[in-house]
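Read off the chains here:
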Amino acid sequence: MTREEKATVIQDLTATLGDSSTIYLADISGLNASDTSNLRRACFKANVTLSVVKNTLLAKAMEASDKDFGELPELLKGNTSIMLSEVANAPAKVIENFRKKSAKPVLKGAYIEEAIYVGDDKIETLSNIKSKEEMVGEIIGLLQSPAKNVVSALKSSGGKLAGILKTLSEK
């Protein structure tokens, strides 16, 4: 690979890192061709981009990026694959499900919305992170609940002014 080709790869990686808010680093070494194909298929179904990267080029891209990757560049040893997704917990769920049949992939670390997670022991924590859509749904549900209670209480009071005032004072 020439210097120009390396520079192009670093620029592309830097742009990819800059555009991504969810970045996982995993070790998929030791997977046979069939398992690798199955992992790629599982990633595709979950809208997770999986690609193998050269550690030195990824380290340079991380340095060139405006993001603070903390300890992640130190984890770039051995085989490294990068998993990118729009949903923070999607790569963790793919890894968890895949590891029911295999010992790999092993999570090296993750960068999620400026938070750094290091080590394979964080996989359960990462898979339990709620997506933005799930959080918005929970918040809307919590906000609607008190309003529904007041409306139902007002309806059950019979619509008389005394009943409505009594219901409102209880709430």
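Look up: the structure comes first, before these words.
Residues numbered from 1 in each chain as written. Predicted model: local features only at pLDDT ≥ 70, side-chain atom pairs only at ≥ 80, totals over all residues. Heavy atoms only, no water.

## Comments concerning the overall build of the protein chain
Tallying secondary structure elements over the protein chain gives seven helices and five strands in all. If you list the helices and strands of the protein chain from N to C, you get α-β-α-β-α-β-α-β-β-α-α-α. The buried share of the protein chain, taken over its 171 residues, is 36%. (Helix = DSSP H or I, 4+ residues; strand = E, 2+ residues; numbered from the N terminus. Buried < 20%, exposed > 50% of the residue type's maximum accessible area, 1.4 Å probe, protein only.)

## Describing the pattern of salt bridges
If you walk through the whole model with that rule in mind, you get three salt bridges. Note that D27 is salt-bridged to K104, the shortest N-O span being 3.3 Å. With a gap of 77 residues between them, D27 in strand 1 (residues 22-27) and K104 in the loop between helix 4 (90-98) and strand 4 (106-112) connect regions that are remote in the sequence. Classification of D27 by relative accessible area gives buried; the value is 16%. For D120, the salt bridge is made with R99, and the minimal N-O distance between the two is 2.6 Å. Taken as a pair, D120 in the loop between strand 5 (115-118) and helix 5 (123-127) and R99 in the loop between helix 4 and strand 4 lie far apart in primary sequence, 21 residues in all. A relative accessible area of 24% places D120 in the partly exposed class. (Salt bridge = Lys/Arg side-chain N within 4 Å of Asp/Glu carboxyl O.)

## Notes on the packing of aromatic side chains
This structure, assessed with the given rule, holds one aromatic pair. Residues F69 and Y111 carry aromatic rings whose centres are separated by 4.9 Å and whose planes lie at 50° to one another, so their mutual orientation is tilted. Here F69, found in the loop between helix 3 (55-64) and strand 3 (81-84), pairs with Y111, found in strand 4; they are 42 residues apart in sequence, far enough to count as distant. Assigned by exposure class, F69 and Y111 land together as buried. (Phe/Tyr/Trp six-rings, centres within 6.5 Å; stacked < 30°, edge-to-face > 60°.)

## Digging into the sheet that holds strand 1
Strand order in the open sheet formed by five strands is 2-3-1-4-5, with antiparallel pairing between adjacent strands. For this open sheet the edge positions go to strand 2 (49-52) and strand 5, each flanked by a neighbour on one side alone. Taking the axes of each pair of neighbouring strands and ignoring which way they run, one obtains an average angle of 15° across the sheet. The pairing of strand 2 with strand 3 spans four bridges and is classified as antiparallel. Note on strand 3: the bridge partner recorded for L50 is M83. (Pairing = 2+ DSSP bridges. Axes fitted to C-alpha atoms, helices over the stretch in contact; angles between N-to-C directions.)

## A short note on helix 4
Buried within helix 4 we find A90, P91, A92, V94, I95 and F98. Looking at the packing, one finds that the buried side of helix 4 touches strand 1, helix 2 (33-45), strand 3, strand 4 and helix 5. (Contact = heavy atoms within 4.5 Å.)

## Let's talk about the packing of helix 1 (residues 3-19) against helix 3
Put simply, helix 1 and helix 3 touch, their axes get as near as 8 Å, and they point 55° apart. Between helix 1 and helix 3, the angle is such that the two are oblique. Handedness of the crossing formed by helix 1 with helix 3: right-handed. Contacts between helix 1 and helix 3 involve K6, V9, I10, L13, T14 and L17 on the former and, on the latter, L57, L58, K60, A61, M62 and A64. For the contact of helix 1 with helix 3, the residue count by class is nine nonpolar, one polar and two charged. (Parallel < 35°, antiparallel > 145°, perpendicular 65-115°, else oblique. Left-handed = near helix turned anticlockwise from the far one by under 90°. Nonpolar A, V, L, I, M, F, W, Y, C, P; charged D, E, K, R; others polar.)

## Describing unusual backbone geometry
Residue P105 is reached from K104 by a cis peptide bond, and omega for that bond is 0°. Along the chain, P105 turns up in the loop between helix 4 and strand 4. The phi angle at N47 is positive, at roughly 60°, despite the residue not being glycine. Note on N47: relative accessible area 62%, which makes it exposed. Residues other than glycine seldom take positive phi values, yet E113 does so here, at roughly 45°. Following the sequence through the fold, E113 ends up in the loop between strand 4 and strand 5.

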